[in-house]
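Each chain, letter by letter, is given below.
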Amino acid sequence: MARRILIAVLATMIVGMFALAAAQIPEGKEVLKFETKMGTVTFEHAKHSGFEGVECATCHHTYEGEGLPQACSECHAKKATEKAPKLQKAVHDTCWSCHQKHADAGEKHGPVKGAKNCKQCHVKG
Ligand code: HEC
Ligand code: HEC
Ligand code: HEC
Ligand code: HEC
């Protein structure tokens, strides 16, 4: 009897965990590669999403938790529009501001803004 209750409780917990689970990085999108004129940028998407205090919406700022977030390029185009800054600026600002925050706190961080740092992200093959 006790065992059956235990199993029922466990089953409920497991179902609950799946129901509450936040959005997951889709398969194949764990690492994103951006082919740019300045070389390839390799972005550890899944690793970044696992950092403490980071949620999907930390970067996907218009994401409200329904389904999957949209790509930045859905709204941020190659060229700035009246509504949204261009993709390059939107992405750079997102990456640089967080890295700078960690650098200022004396923590491990990624490449920050600066002419000397471009190559830390943009790698020519
Ligand atoms: C933290 C990583 C990072 C650093 C540092 C960085 N970039 Fe980028 N950059 C990216 C990513 C990611 C993209 C892709 C976004 C996009 O498609 O526009 C990008 C896109 C670009 C683009 C648009 C490329 C294209 O072919 O459309 C240019 C130009 C660029 N970066 C220049 C620079 C310069 C100049 C620097 C140094 C001052 C720099 N980047 C530093 C990550 C970085
Ligand atoms: C540190 C920043 C960051 C975090 C955190 C993050 N993403 Fe992303 N994500 C990006 C960037 C940058 C792109 C590339 C967008 C583009 O190419 O326009 C992207 C692309 C995507 C795409 C691809 C869209 C497409 O159509 O190709 C999906 C889906 C996605 N992210 C889901 C998620 C989910 C789910 C989470 C939370 C578990 C998450 N992301 C967390 C930065 C992030
Ligand atoms: C549904 C449309 C939409 C999507 C998707 C979207 N953005 Fe934006 N974003 C906007 C609009 C509109 C603005 C300008 C108004 C504002 O600040 O909210 C903006 C502003 C920004 C800004 C502040 C402006 C600046 O120049 O610093 C950043 C940074 C940014 N977006 C980054 C991103 C990144 C990175 C992604 C993808 C991970 C993304 N956005 C996805 C619509 C979008
Ligand atoms: C919310 C904070 C945050 C955002 C946003 C962010 N990063 Fe990072 N990134 C970090 C931290 C923290 C580290 C240091 C991780 C470590 O060394 O363990 C890091 C490290 C990196 C590194 C060094 C190699 C690695 O993967 O550890 C690269 C390259 C990098 N980030 C690229 C990017 C790019 C490109 C973007 C924007 C698309 C971005 N990051 C956005 C927090 C962030």
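Above this text is the structure in question.
Note that the coordinates shown come from a computational prediction; the quantities given were computed from them, not determined experimentally.

Thresholds, definitions, all that
- Residues numbered from 1 in each chain as written.
- Chains lettered and ligands numbered in written order.
- Predicted model: local features only at pLDDT ≥ 70, side-chain atom pairs only at ≥ 80, totals over all residues.
- Heavy atoms only, no water.
- Near = heavy atom within 4 Å.
- Polar contact = N/O pair within 3.5 Å; in protein donor to acceptor, adjacent residues only side chain to side chain.
- Helix = DSSP H or I, 4+ residues; strand = E, 2+ residues; numbered from the N terminus.
- 1 Å grid on protein atoms, 1.4 Å probe; cavity = no way out; pocket = protein on both sides within 12 Å on 5 of 7 lines; lining within 4 Å.
- Points joined across faces, edges and corners; volume = space filled by probe spheres on them.
- Nonpolar A, V, L, I, M, F, W, Y, C, P; charged D, E, K, R; others polar.
- Salt bridge = Lys/Arg side-chain N within 4 Å of Asp/Glu carboxyl O.
- Buried < 20%, exposed > 50% of the residue type's maximum accessible area, 1.4 Å probe, protein only.
- Donors = N, O, S within 2.8 Å, 3.2 Å for Na, K, Ca; no water.
- Tetrahedral: all angles 85-135°; square planar, octahedral: opposite > 155°, others 65-115°.
- Contact = heavy atoms within 4.5 Å.
- Pairing = 2+ DSSP bridges.

**A few points about the site of ligand 1**
- Inspection of the region around ligand 1 gives 19 residues, with Lys78, His92, Cys118, Cys121 and His122 positioned closest.
- Lys78 places a side-chain nitrogen or oxygen 2.6 Å from an oxygen atom of ligand 1.
- At 2.8 Å, a side-chain N or O of His122 approaches a nitrogen atom of ligand 1.
- Residue contributions to the shell around ligand 1 peak at 7 residues, all from helix H4 (residues 87–104).

**Observations regarding the layout of surface pockets**
- Roughly 260 Å³ of volume is contained in the second largest pocket.
- For the second largest pocket, the full set of lining residues is Ala22, Ala23, Gln24, Ile25, Ser49, Val54, Glu55, Cys56, Ala57, Tyr63 and Gly65.
- Broken down by class, the residue content of the lining of the second largest pocket amounts to 7 nonpolar, 3 polar and 1 charged.

**A few points about the site of ligand 2**
- The full set close to ligand 2 counts 20 residues, and His45, Cys56, Cys59, His60 and Ser73 are the nearest of them.
- The contact in question runs from an oxygen atom of ligand 2 to an N or O atom on the side chain of Lys29, over 3.1 Å.
- One of the side-chain nitrogen or oxygen atoms of His60 is found 2.8 Å away from a nitrogen atom of ligand 2.
- Elements with a minimum of two residues in the shell around ligand 2: strand S1 (31–36), helix H2 (45–49) and helix H3 (56–59).
- With 3 residues, H2 is the single largest residue contributor to the shell around ligand 2.

**Some points on the pattern of salt bridges**
- In total, this model carries 1 salt bridge according to the counting rule given.
- Between Lys89 and Asp93 there is a salt bridge, and its shortest N-O distance comes to 2.7 Å. With Lys89 and Asp93 both in helix H4 and 4 residues apart, the pair spans about one turn of that helix.
- Look at Lys89 and you get partly exposed, because its relative accessible area is 44%.

**Some remarks on the coordination of the iron atom of ligand 1**
- Protein-derived ligands of the iron atom of ligand 1 are His92 (NE2) and His122 (NE2), with the metal-ligand distances lying across 2.0 Å.
- Considering all 6 donor atoms around the iron atom of ligand 1, angles at the metal cover 88 to 179 degrees and the coordination shape is octahedral. Remark: His122 occurs in strand S3 (residues 122–123) and His92 occurs in helix H4; sequence separation between them is 30 residues.

**Points about the environment of Lys124**
- One can find Lys124 in the segment after S3.
- Overall, Lys124 belongs to the exposed group, its relative accessible area being 63%.
- Note: C-alpha distance between Lys124 and Thr40 (84 residues apart in sequence) is 6.2 Å.
- Among residues more than four places away in sequence, those in contact with Lys124 are Lys37, Met38 and Gly39.

**Thoughts on the sheet that holds strand S2 (residues 39–44)**
- Reading across the sheet, the 3 strands line up as S1-S2-S3 and stay open at both edges, with antiparallel pairing between neighbours. Bordering the open sheet on either side are S1 and S3, each of which pairs with just one other strand.
- Bridging between S1 and S2 involves 6 bridges; their strand directions are antiparallel. Counterpart to Phe34 in the pairing with S2 is Val41.

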